Amino acid sequence: MLQTFYPNEYLDSAYRIDFDQLYRQGYRGVIFDIDNTLVMHGAPADANARALFSHLKQTGWRCCLLSNNKEPRVKLFNRQIHADYIFNAHKPRTANYKKAMERMGTDTHSTLFVGDQIFTDIWGANRAGIHTILVKPISPKEEIQIILKRIPEKIVLHFYKKRNANRQEVT
């Protein structure tokens, strides 16, 4: 039952993802959450984000931001990276994941999703059929509703890590 919440990959940071390798594997579109995935909550795009999006675009990636935030917040971040975006996305509903793929001209086989929350980001992308990469939150400073979601997330991550450890022992 918990598997529906498991990411395909779990990494320390969005900035440690080997996007060049993923591109060689056939992925062409990447959908990103913003807050605590790429920057701290409410922050504009920093040097790391600008460099990442510049590299992705040069490589040939199509990018789309998918955020539950209102448009002013998403516009603030997007001002310096110039990606497609969808605000007020209602994650984990799948409709806007699909809309993002339409905008990028990709499908479930050629799209990745990168986010920091299991019950919104990862669950929604899993339900949409997209390859998911969960990253650790950038900052522990979060709004109370997110802090409360982190408690059951720890349970899911415990079983996810246990399952992956067992798989590695078998091989």
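For the structure, see preceding data.
Counting restarts for each chain, with residues numbered from 1 along the sequence as it is written. Note on the predicted model: pLDDT of at least 70 is required for a residue's local features to be given, and 80 or more for side-chain atom pairs to be given and counted; whole-chain, interface and lining totals, by contrast, use all residues. With hydrogens and water set aside, each side-chain value is computed from the structure's full complement of heavy atoms.

J.: Whenever I open this one, the overall build of the protein chain confuses me. Can you help?
T.: The secondary structure listing takes helices from DSSP runs of H or I that are at least 4 residues long and strands from runs of E that are at least 2 residues long, numbered from the N terminus. The secondary structure content of the protein chain amounts to six helices and six strands. Going residue by residue from the N terminus, the α and β elements of the protein chain occur as β-α-β-α-β-α-β-α-β-α-β-α. Over its C-alpha atoms the protein chain spans a radius of gyration of 15 Å, differing by no more than 12% from the 16 Å that the globule rule assigns to 171 residues. With respect to the principal axes defined by its C-alpha atoms, the protein chain has extents near 45 × 40 × 30 Å. Each residue is placed in one exposure class: buried if its accessible area under a 1.4 Å probe, protein chains only, is under 20% of its type's maximum, exposed if it is over 50%, and partly exposed if it falls in between. Residues classed as buried in the protein chain amount to 46% of the 171 residues present. Counting only contacts in the protein chain whose residues sit at least 6 apart along the sequence, the fraction spanning at least 24 positions is 68%. By element, 53% of the accessible surface of the protein chain is carried by carbon and sulfur atoms, the whole surface being about 9,000 Å². The globule rule used here is 2.2 Å times the number of residues to the 0.38 power, and the radius of gyration it is set against is calculated over C-alpha atoms. For this analysis, residues touch if any pair of their heavy atoms sits within 4.5 Å. Areas reported as accessible are Shrake-Rupley estimates using a 1.4 Å probe. Residue values count occlusion only from the protein chains shown.

J.: Quick question: what am I supposed to make of the sheet that holds strand β1 (residues 9-11) here?
T.: In sheet architecture, strand pairing relies on hydrogen bonds along the backbone and comes in two forms, parallel and antiparallel. Criterion used throughout: strands pair if DSSP finds at least two bridges between them. On the basis of which strands lie adjacent, the open sheet formed by six strands has the order β1-β6-β5-β2-β3-β4 and parallel pairing. Two strands in the sheet have a free side with no partner beyond their single neighbour: β1 and β4 (84-86). The average angle at which neighbouring strand axes cross in this sheet is 20°, direction not considered. Pairing analysis gives three bridges linking β1 to strand β6 (residues 131-135), with the strands arranged parallel. Within β6, the residue paired with tyrosine 10 across the bridge is leucine 134. For helices, the fitted line uses only the C-alpha atoms of the stretch in contact; every axis is such a line through C-alpha atoms, and the angle between N-to-C directions lies from 0 to 180 degrees. The strands touched by helix α2 (residues 47-59) within the sheet are β2 (29-32) and β3 (62-66), with β2 carrying the most contacts at an inclination of about 160°. Across the sheet, helix α5 (residues 118-128) touches β5 (111-115) and β6, and the angle it forms with β6 is around 165°.

J.: Looking at this structure, I do not really get the environment of threonine 108. What am I missing?
T.: Here threonine 108 shows up in the loop between α4 (95-104) and β5. In sequence terms threonine 108 and phenylalanine 53 are 55 residues apart; their C-alpha atoms lie 21 Å from each other. Aside from chain neighbours lying at most four places away, what touches threonine 108 is Met101, Ala128, Gly129 and Ile130.

J.: Can you walk me through the layout of surface pockets in this structure?
T.: Taken as a whole, the largest pocket encloses approximately 290 Å³ of empty space. Within the residue set of the lining of the largest pocket, elements represented by two or more residues are α5 and α6 (144-170). Top element by residues in the lining of the largest pocket is α6. It accounts for three residues. Here the term charged refers only to Asp, Glu, Lys and Arg, the term nonpolar to Ala, Val, Leu, Ile, Met, Phe, Trp, Tyr, Cys and Pro, and the term polar to all other amino acids, Gly among them. Here the lining of the largest pocket is built from residues that sort into one nonpolar, eight polar and eight charged. Cavities and pockets were defined on a 1 Å grid built from protein atoms only: a cavity is a group of points that admits a 1.4 Å probe but offers it no way out, a pocket is an open group of points flanked by protein on both sides within 12 Å along at least five of seven lines, and a lining residue is one with an atom within 4 Å of any such point. Grid points are joined across faces, edges and corners, and a volume is the space filled by probe spheres set on the points.

J.: Please clarify how unusual backbone geometry should be interpreted in this entry.
T.: Most peptide bonds take the trans configuration, and most residues that are not glycine carry a negative phi. Cis geometry marks the peptide bond from lysine 91 to proline 92; its omega dihedral reads 20°. Tracing the backbone shows proline 92 in the loop between β4 and α4. For histidine 82, which is not glycine, the phi dihedral falls at a positive 55°. The topology assignment puts histidine 82 in the loop between α3 (71-78) and β4. The exposure class assigned to histidine 82 is exposed, which follows from its relative accessible area of 59%. You will see that histidine 90, though not glycine, has its phi angle at about 60°, which is positive. Relative to the helices and strands, histidine 90 resides in the loop between β4 and α4.

Everything listed here is a matter of coordinates, which is why it stays silent on function.
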